[in-house]
There are 2 protein chains.
Amino acid sequence: MDTNIKSYMQRVGRAARDASRVIGAASSATKSAALKAIAEGADVAREDIKQANDQDMQAAQANAVDQPLIERLFVDDKGIDQMIEGLLQVNALKDPVGEMSDFSFRPSGIQVGKMRVPLGVIGMIYESRPNVTVDAASLSLKSGNACILRGGSEAFHSNQAIAKCVAAGLKAAGLPSACVQLINRTDRAAVGELIQLDNFVDVIVPRGGKSLIDRISKEATIPVIKHLDGICHVFIDADVDAVMACNIAFNSKVEKYAVCNALETLLIHEQSALEILPSLAEQYVNAGVELRGCQIARNITQMKSATEQDWSTEYLGPILAIKVVVDLDAAIAHINEFGSQHTDVIVTRSFANSRRFIAEVDSASVMINASTQFADGFEYGLGAEVGISTDKIHARGPVGLEGLTSQKYVVFGNGEIRHR
Amino acid sequence: MDTNIKSYMQRVGRAARDASRVIGAASSATKSAALKAIAEGADVAREDIKQANDQDMQAAQANAVDQPLIERLFVDDKGIDQMIEGLLQVNALKDPVGEMSDFSFRPSGIQVGKMRVPLGVIGMIYESRPNVTVDAASLSLKSGNACILRGGSEAFHSNQAIAKCVAAGLKAAGLPSACVQLINRTDRAAVGELIQLDNFVDVIVPRGGKSLIDRISKEATIPVIKHLDGICHVFIDADVDAVMACNIAFNSKVEKYAVCNALETLLIHEQSALEILPSLAEQYVNAGVELRGCQIARNITQMKSATEQDWSTEYLGPILAIKVVVDLDAAIAHINEFGSQHTDVIVTRSFANSRRFIAEVDSASVMINASTQFADGFEYGLGAEVGISTDKIHARGPVGLEGLTSQKYVVFGNGEIRHR
């Protein structure tokens, strides 16, 4: 291990911890002033940001980086507008810090309740998309946390340009610049150090490919909020509106392929399959989606044969697995066995089945009669998200302000002592 | 690794996962029937439990186990009464599973809210105290979780006798016995396997000595809810009721020494020290507490000298560190630097200082004018607790029903699809 990077990350960590005490106690007005100043700064610095992004784009093209990554990397005026809008949206959210609730008196005379407080220091590790820098910084600030951001090397200049606006905004509001620190080392060793800064970092939020996240969660000595896979299902029940079912199943897959909330396995009740599958399959095929079905599905409509492997594959592309199931129980069992506890949908007219589905499907988001593609922080009204969690403790689903806080117990007394 | 124990623990894990689907979907009435049946069964099995406990006690005495452990191990009729009362109290709590909240419509037309759901499978690792078996089983059941219990070898027979009542109660309510499984292997390898059953266990709650918990949290590949230390503080402010301050400081230390919520470091404002410290010190010394003070404290009252080490030591016995501080800022800084984020108290007449203390002290429980010894699940109204968390994510402080659940997102729609 390079001792140089070790000591650099230790300094970053200590500075973040110190800054977290300041931002954690900052007033809503101060945090708001910072967010607005960052938004104004980004507006003024448009040319700088685009120029920096151009540098990254040229390097990416020179390195023959693959097309999806280049698309995610690109920042134009519209992208900057979205960053600014995101900052103002987060600013408009209610300040979660200090919310007190559930106070009640106990027989001893003490009054016990809860207060919502920042987690402290958030470590974000992410790839290409420079707007994550703004989303993470704004949500951390608003929730009273300091953050350490480690963006991808391919977005190095873009992230630096954005971080400059963030630092200026913090300064304008009188907050320490260490509230948001962007790691200026792009080597992997920086990540290795960050995820073991137990004393200084309270939670790690990785975003990126499965192998990155898998490695981080194995090696981290700090809690990690993450999702590895988005193997999302739509189950078309027996009693359904066929048009609605097709719309939801189609939109869930085709609206965008390379997202974690895209449909990967379609389950369809055997009583609906004959009516719905032929036309729905045609829609998919016309859109360029390759279908891989179970034997019963293939008896109804011509398609490739699905293997056991397909039920647990996140394609992130124009491939869809299809399985015909005998009933709701079989659908729920399939989802709980092969799914990734991300987002799963039932399309049904049955009230009883809708209740069972949302209670028994063990996923971060369960939906009735809506597209899987709604599963994100913006659509849920969180303002933005730092990531989506498929973990079961702390936060499930899109992680916004609330996921970056926790609740401590507060006790009010009048001199009470305990007699055991 | 003994493959025998590996396959045994795999079977236990799989059975727990399967059972968790059943208990997670069980009605409140079914869970209540089980809890009541277990309570009745424990009443009927009093002699069996006491006899089994006697076996453990004799073995412990033969092995010259230390006195505190023997005290924790002992179960008499009063202990069984408390177990039964605990079961009935947990039964009387509101069922948290399925609670839905915060539903609101979004511009897209979907309605988004949250549902409280069990975590799934809880792995409990604990030592000597057999009543933990009942507390853990009852809280897991009520919160819709399956649990795997690994008690200490010294309580083997007691735990087996209690587990028999639990199994009978589950059976009477028509629930699978694998909802609560007691590991019948007392070797350490069982713990090593349990904490790596990623596919089957959702959270590990260890209770016991610091070294055990430290080892578990290092080696576990599953999230761990834990506390390592209870370095609790009382800060006596400048403007205080001297009698109240002495009562709280004395009770926080002396009411019980060997508990994690006992006072370990007393902080006292320099403006109060001269008035309060001499008589308070005398009280402590009369109770047999050894005092270790900073230089200023020693100028006021004779006591041993505290070293830097004392500020971060959990004595769990009749020793108290004392430090005189110049102001509230110094008190908060000391607590945040040397404390263990467990439970910290301010005694003050100042409204402004009380607000700053609860906002800025970064601990699981922060109290104003009450004894640290109140920090437990029963005193907080949680019915019981499976443990106390000093982690910052998921649950802080005493962990009861809510800490054994999390919230998933539920989306209600009417055929909405997303247009990006």
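Residues numbered from 1 in each chain as written. Chains lettered and ligands numbered in written order. Predicted model: local features only at pLDDT ≥ 70, side-chain atom pairs only at ≥ 80, totals over all residues.

When you look at the relation of the copies chain B and chain A in this model, what are you seeing that I'm missing?
Taken together, a rotation about one axis and a shift along it account for how the two chain copies relate. Laying chain B over chain A is done by rotating through 180 degrees and shifting 0.0 Å along the axis; what remains is an RMSD of 0.1 Å. When the rotation and shift are considered jointly, the pair of chain copies conforms to a two-fold rotation axis. The C-alpha atom lying nearest the rotation axis in chain B is that of His394(B); the distance is 1.8 Å. Here 100% of the interface residues in chain B have copies in chain A that are interface residues too; the copies meet face to matching face. (Least-squares fit on C-alpha atoms with pLDDT ≥ 70 in both. Contact = placed C-beta atoms within 7 Å.)

Just checking my understanding: could you explain the sheet that holds strand S9 (residues 290–293) of chain A for this structure?
In a beta sheet, neighbouring strands pair by backbone hydrogen bonds and run either parallel or antiparallel. Spatially, 10 strands are ordered S10(A)-S9(A)-S11(A)-S8(A)-S7(A)-S12(A)-S13(A)-S16(B)-S2(B)-S1(B) in an open sheet, and the strand pairing comes out mixed. Of all the strands in the sheet, the pair left with one neighbour each is strand S10 (304–305) of chain A together with strand S1 (100–105) of chain B. In terms of strand pairing, S1(B) meets strand S2 (residues 111–118) of chain B through four bridges, oriented antiparallel. Bridging from a neighbouring strand, Ser104(B) pairs with Val112(B) of S2(B). Set on the sheet, helix H14 (residues 351–360) of chain A makes contact with strand S12 (343–347) and strand S13 (365–370) of chain A together with S2 and strand S16 (405–416) of chain B; between it and S13(A) the angle comes to about 155 degrees. (Pairing = 2+ DSSP bridges. Helix = DSSP H or I, 4+ residues; strand = E, 2+ residues; numbered from the N terminus. Axes fitted to C-alpha atoms, helices over the stretch in contact; angles between N-to-C directions.)

Where do I start with helix H7 (residues 156–172) of chain A in this structure?
One full turn of an α-helix is made of 3.6 residues, so residues set three or four places apart face in the same direction. All names here are of chain A. Over its 17 residues, H7 runs 24 Å from end to end, which matches the ideal 24 Å to within 8%, given 1.5 Å per residue. The set of residues buried in H7 consists of His 157, Ser 158, Asn 159, Ala 161, Ile 162, Ala 163, Cys 165, Val 166, Ala 167, Gly 169 and Leu 170. Buried positions along H7 lie against helix H2 (28–44), helix H3 (46–62), helix H6 (131–142) and strand S5 (180–182). The positive-phi residue at the C-terminal boundary of H7 is Gly 174, with phi of around 80 degrees. (Expected span 1.5 Å × (residues − 1). Buried ≥ 20, exposed ≤ 12 C-beta atoms within 10 Å, placed from the backbone.)

Explain the domain arrangement of chain A to me, please; I cannot follow it from the model alone.
Many descriptions give the size of an interface as the accessible area lost when the pieces come together. Residues and elements named next belong to chain A. With domains assigned, chain A is organised as domain 1 (3–226 + 394–412) and domain 2 (232–376). The distance between the C-alpha centroids of domain 1 and domain 2 comes to 35 Å. Counting residues at the interface gives four residues for domain 1, matched by five residues for domain 2. Considered class by class, the residues forming the side of domain 1 that touches domain 2 number two nonpolar, one polar and one charged. (Domains from an automatic or database assignment. Nonpolar A, V, L, I, M, F, W, Y, C, P; charged D, E, K, R; others polar.)

Would you explain the packing of helix H10 (residues 242–254) of chain B against helix H11 (residues 270–286) of chain B in this entry?
A pair of packed helices can be characterised by two numbers: the angle between their axes and the separation between those axes. Residues and elements named next belong to chain B. Between H10 and H11, whose axes approach to 10 Å, the crossing angle comes to 35 degrees. For the pair H10 and H11, the crossing hand works out as right-handed. Residues Ala 242, Ala 245, Cys 246, Ala 249, Phe 250 and Lys 253 of H10 pack against Glu 275, Ile 276, Ser 279, Leu 280, Gln 283 and Tyr 284 of H11. Classifying every residue of the contact of H10 with H11 by side-chain character gives eight nonpolar, two polar and two charged. (Left-handed = near helix turned anticlockwise from the far one by under 90°.)

Just checking my understanding: could you explain the sheet that holds strand S6 (residues 203–206) of chain B for this structure?
Residue and element names in this part refer to chain B. A sheet is described by the order of its strands in space; here four strands give the open sequence S5-S4-S3-S6, paired in parallel fashion. Each edge of the open sheet carries a strand with a single partner, namely strand S5 (180–182) and S6. Taken over all neighbouring pairs, the strand axes of this sheet differ in orientation by 20 degrees on average, direction set aside. Pairing between strand S3 (residues 121–125) and strand S4 (residues 146–150): five bridges, direction parallel. Looking across to S4, one finds that Met 124 is bridged to Leu 149. Relative to the sheet, helix H6 (residues 131–142) contacts S3, S4 and S5, its axis offset from that of S4 by approximately 165 degrees.

Which parts of the structure should I look at to understand unusual backbone geometry?
In most cases, non-glycine residues show a negative phi, while peptide bonds are predominantly trans. Residue and element names in this part refer to chain B. Unusually for a residue other than glycine, Ala 64 sits at a positive phi of about 55 degrees. Along the chain, Ala 64 falls in the loop between helix H3 (46–62) and helix H4 (67–73). With a phi angle near 55 degrees, Asn 369 is a residue other than glycine that sits in the positive phi range. Asn 369 gets classed as buried once you count the C-beta atoms within 10 Å, which come to 24.

What is the right way to read the interface of chain B and chain A from this model?
Chain B puts 55 residues into the contact, and the matching count from chain A is 55 residues. Elements represented by at least two residues in the side of chain B that touches chain A include exactly S2, H10, helix H14 (351–360), strand S13 (365–370) and S16 of chain B. With 11 residues, the top contributor of residues to the side of chain B that touches chain A is S16(B). Looking at side-chain class alone, the side of chain B that touches chain A contains 24 nonpolar, 19 polar and 12 charged residues. Looking at chain direction, strand S16 (residues 405–416) of chain A and S13(B) are connected through five bridges and run parallel. When the bridges of S13(B) are listed, Phe412(A) appears paired with Ile368(B).

Help me out: how do you make sense of the packing of helix H2 (residues 28–44) of chain B against H6(B) in this one?
Residues and elements named next belong to chain B. Interaxial distance between H2 and H6 falls to 9 Å at its minimum, and their mutual angle equals 165 degrees. By the angle between their axes, H2 is roughly antiparallel relative to H6. Between H2 and H6 lies a crossing of left-handed hand. Contact residues: Lys 31, Ala 34 and Leu 35 in H2; Ser 138, Leu 141 and Lys 142 in H6. (Parallel < 35°, antiparallel > 145°, perpendicular 65-115°, else oblique.)

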